[in-house]
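Summary of the model geometry
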Amino acid sequence: MRRVVITGMGTVSPLGNDVASTWEGVIAGKSGVGQITYFDTSEYRSTIGAQVWGFKPEEHFPSRDIRRMDRFAQYALVAAREALGDAGLTDEVFEQGLGERTGVIIGSGIGGMATVTEQLRVLDQKGPGKVSPFFIPMILPESAASMVAIEHGLKGPNMAVTSACATGANAIGEMARMIHEGRADVGLAGGSEAAIIEVSVAGFCALRALSTRNDDPEHASRPFDRDRDGFVIGEGAGILVLEALEHALARGATIHAELLGYGSNDDAHHITAPDPEAAGASACMQLALDSAGLAPEQIGYINAHGTSTLLNDLAETQAIKRVFGAHAYRLPVSSTKSVTGHLLGAAGALEAILTTRALETGVLPPTMNFEHPDPECDLDYVPNQARAVPIQRALSNSFGFGGHNVSLVLGKYGDV
């Protein structure tokens with residue numbers, strides 16, 4: 001199979017609307033969490049979130065297009081533009097024939113839920129004749145992928161994957177598989193989410209899944225800390241340009257990293273809770289290592305799923321120890337959700353970008369708010385300060401409701 005490399009990256013996140021500002025914020029330990037401003041939260045158990053602060057649709061789209069796109073699609077389009085610009089790929093190049101060989105897989109865990117909420121209000125208050133004619137295309141989880149393709153003339157394989165909080169990572173793995181098999185030469189892959197709305201926050205509150213550290217939002221997301229009390233809901237998008245190695249070399253592209261391995265499976269245990277034995281997560285990591293042809297000792301860093309929930313962080317720690325054995329205690333593990341919050345279906349894509357930056361810069365992101373060690377979470381979580389450690393290969397984990405598990409193995413190009 002053909003080798004697959006990463007040649008472009010783009011993001012819209014709670015720390016900034018591009019990769020550079022997001023990475024700078026992560027490394028500085030800057031929190032993107034604050035009080036939710038999109039709606040009145042006075043009756044909610046959790047009132048905090050990691051919004052995309054300062055995103056102004058009118059700076060990116062004409063008003064007519066804004067009315068036809070849910071916010072999650074807007075985020076995806078902006079991130080895709082950055083990724084393509086980073087990769088040095090223009091619409092003119094796609095028009096000359098590359099468009100037919102370029103695929104798009106952009107997923108969303110929830111899709112256009114904001115539009116659903118808005119249009120239900122319209123239906124209740126004004127009647128069926130006032131519902132937007134764009135309602136249906138706006139809510140479809142695949143609308144981000146199709147709109148990116150339309151904007152840039154990308155005529156290769158196009159779809160969305162939806163696997164809860166593993167969505168973005170699944171999209172990357174499946175796009176890489178298409179390139180491996182020769183079904184595309186270039187692909188845009190990732191996830192986008194805009195779920196900080198009344199009904200989804202209420203739903204997660206009902207599940208008792210969200211942190212209620214409402215008086216201290218910057219310290220609410222505390223993965224692996226003894227006093228963690230739930231995740232912080234976030235939003236945004238992460239898009240990567242994947243490319244067949246020979247294609248990237250032929251056009252002189254800058255290569256950020258190589259995608260070495262991909263594992264995907266399911267716990268088949270519970271609709272929301274992880275397998276307490278961590279069998280599925282550990283098997284997924286092993287699948288990724290096997291597909292990369294690597295031994296556990298060859299991994300130098302793990303970007304953990306690390307949601308800041310009691311069960312998830314414990315299960316992931318157990319899974320890492322099961323797969324990596326004694327090496328687990330020498331292996332830096334960190335969760336960037338401590339500052340970005342949990343971007344749900346976009347989380348795995350954003351974290352793949354941050355893992356790639358760690359490979360490129362030799363700087364490991366910290367796990368912020370790690371103040372009280374949990375005796376059952378006893379690994380090196382890179383607490384509270386970024387660490388300069390040159391690494392050659394890294395693993396990025398994404399686990400989701402329904403038992404969805406994805407692990408990606410990334411490596412420095414030329415060193416593997």
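Residues numbered from 1 in each chain as written. Predicted model: local features only at pLDDT ≥ 70, side-chain atom pairs only at ≥ 80, totals over all residues. Heavy atoms only, no water.

1. Topic: the sheet that holds strand β7 (residues 236–244)
Spatial ordering of the open sheet is given by β5-β4-β6-β7-β1-β8-β14-β13-β9-β10, a layout of ten strands whose pairing is mixed. A strand with exactly one partner marks an edge of an open sheet, and here the two such strands are β5 (158–159) and β10 (333–334). Across six bridges, strand β4 (residues 102–107) lies against strand β6 (residues 186–193) in parallel orientation. Bridged to T102 within β6 is V186. (Pairing = 2+ DSSP bridges. Helix = DSSP H or I, 4+ residues; strand = E, 2+ residues; numbered from the N terminus.)

2. As for the packing of aromatic side chains
If you walk through the whole model with that rule in mind, you get six aromatic pairs. Relative to Y75, the ring of F55 lies with its centre 4.9 Å away and its plane at 90°, an arrangement referred to as edge-to-face. Highlighted residues: F55 in the loop between β3 (48–49) and α2 (63–66) and Y75 in helix α3 (residues 71–87), separated in sequence by 20 residues. Neither residue differs from the other here; F55 and Y75 are each classed as buried. Ring geometry for F204 and F401: centres 6.3 Å apart, planes at 55°, overall tilted. Placement of F204 in helix α9 (residues 198–206) and of F401 in the loop between β13 (393–400) and β14 (404–411) is noted, with a sequence separation of 197 residues between them. An aromatic cluster of three or more residues is present, and its members are F204, F231 and F401. (Phe/Tyr/Trp six-rings, centres within 6.5 Å; stacked < 30°, edge-to-face > 60°. Buried < 20%, exposed > 50% of the residue type's maximum accessible area, 1.4 Å probe, protein only.)

3. Examining the packing of helix α1 (residues 19–28) against helix α14 (residues 347–361)
It is at 11 Å that the axes of α1 and α14 come closest, and there the two elements cross at 75°. It follows from the interaxial angle that α1 and α14 lie roughly perpendicular. Residue-level contacts link V19, T22, W23 and V26 of α1 to L350, I353, L354, R357, A358 and T361 of α14. For the contact of α1 with α14, the per-class residue count stands at seven nonpolar, two polar and one charged. (Axes fitted to C-alpha atoms, helices over the stretch in contact; angles between N-to-C directions. Parallel < 35°, antiparallel > 145°, perpendicular 65-115°, else oblique. Contact = heavy atoms within 4.5 Å. Nonpolar A, V, L, I, M, F, W, Y, C, P; charged D, E, K, R; others polar.)

4. A few points about the pattern of salt bridges
Applying the stated criterion to the full structure yields 20 salt bridges. A salt bridge links K155 to E100, with the shortest nitrogen-to-oxygen separation between them at 3.9 Å. Of this pair, K155 sits in the loop between α7 (143–152) and β5 while E100 is found in the loop between α4 (91–95) and β4, placing the two residues 55 residues apart along the sequence. A relative accessible area of 60% means that K155 is categorised as exposed. Salt bridges linked by common partners bring R2, R101, D185 and E246 together as one network. (Salt bridge = Lys/Arg side-chain N within 4 Å of Asp/Glu carboxyl O.)

5. Considering the environment of P276
Residue position: P276 is located in the loop between β8 (257–266) and α11 (279–292). Sequence separation of P276 and N312 is 36 residues, and the distance between their C-alpha atoms is 8.7 Å. Filtering out sequence-adjacent residues up to four positions away, P276 remains in contact with H269 and Q318.

6. Quick notes on the nonpolar core
Counting residues in hydrophobic clusters, the biggest one holds 44 residues, and the most contacted among them are I172, M175, L240, L242 and L408. Elements with a contribution of two residues or more to this core: β1 (4–12), α1, α8 (167–180), β7, β8, α14 and β14. Among the elements that make up this core, the one with the highest residue count is α14 (eight residues). Those residues within four positions of M175 in sequence are excluded, and the remaining contacts are G103, V104, I105, A184, V186, G187, L188, A189 and L242. F55, L98, A149 and A237 belong to the second-largest nonpolar core, a separate cluster that totals 32 residues. (Core = buried A, V, L, I, M, F, W, Y, C linked by side-chain atoms within 4.5 Å.)

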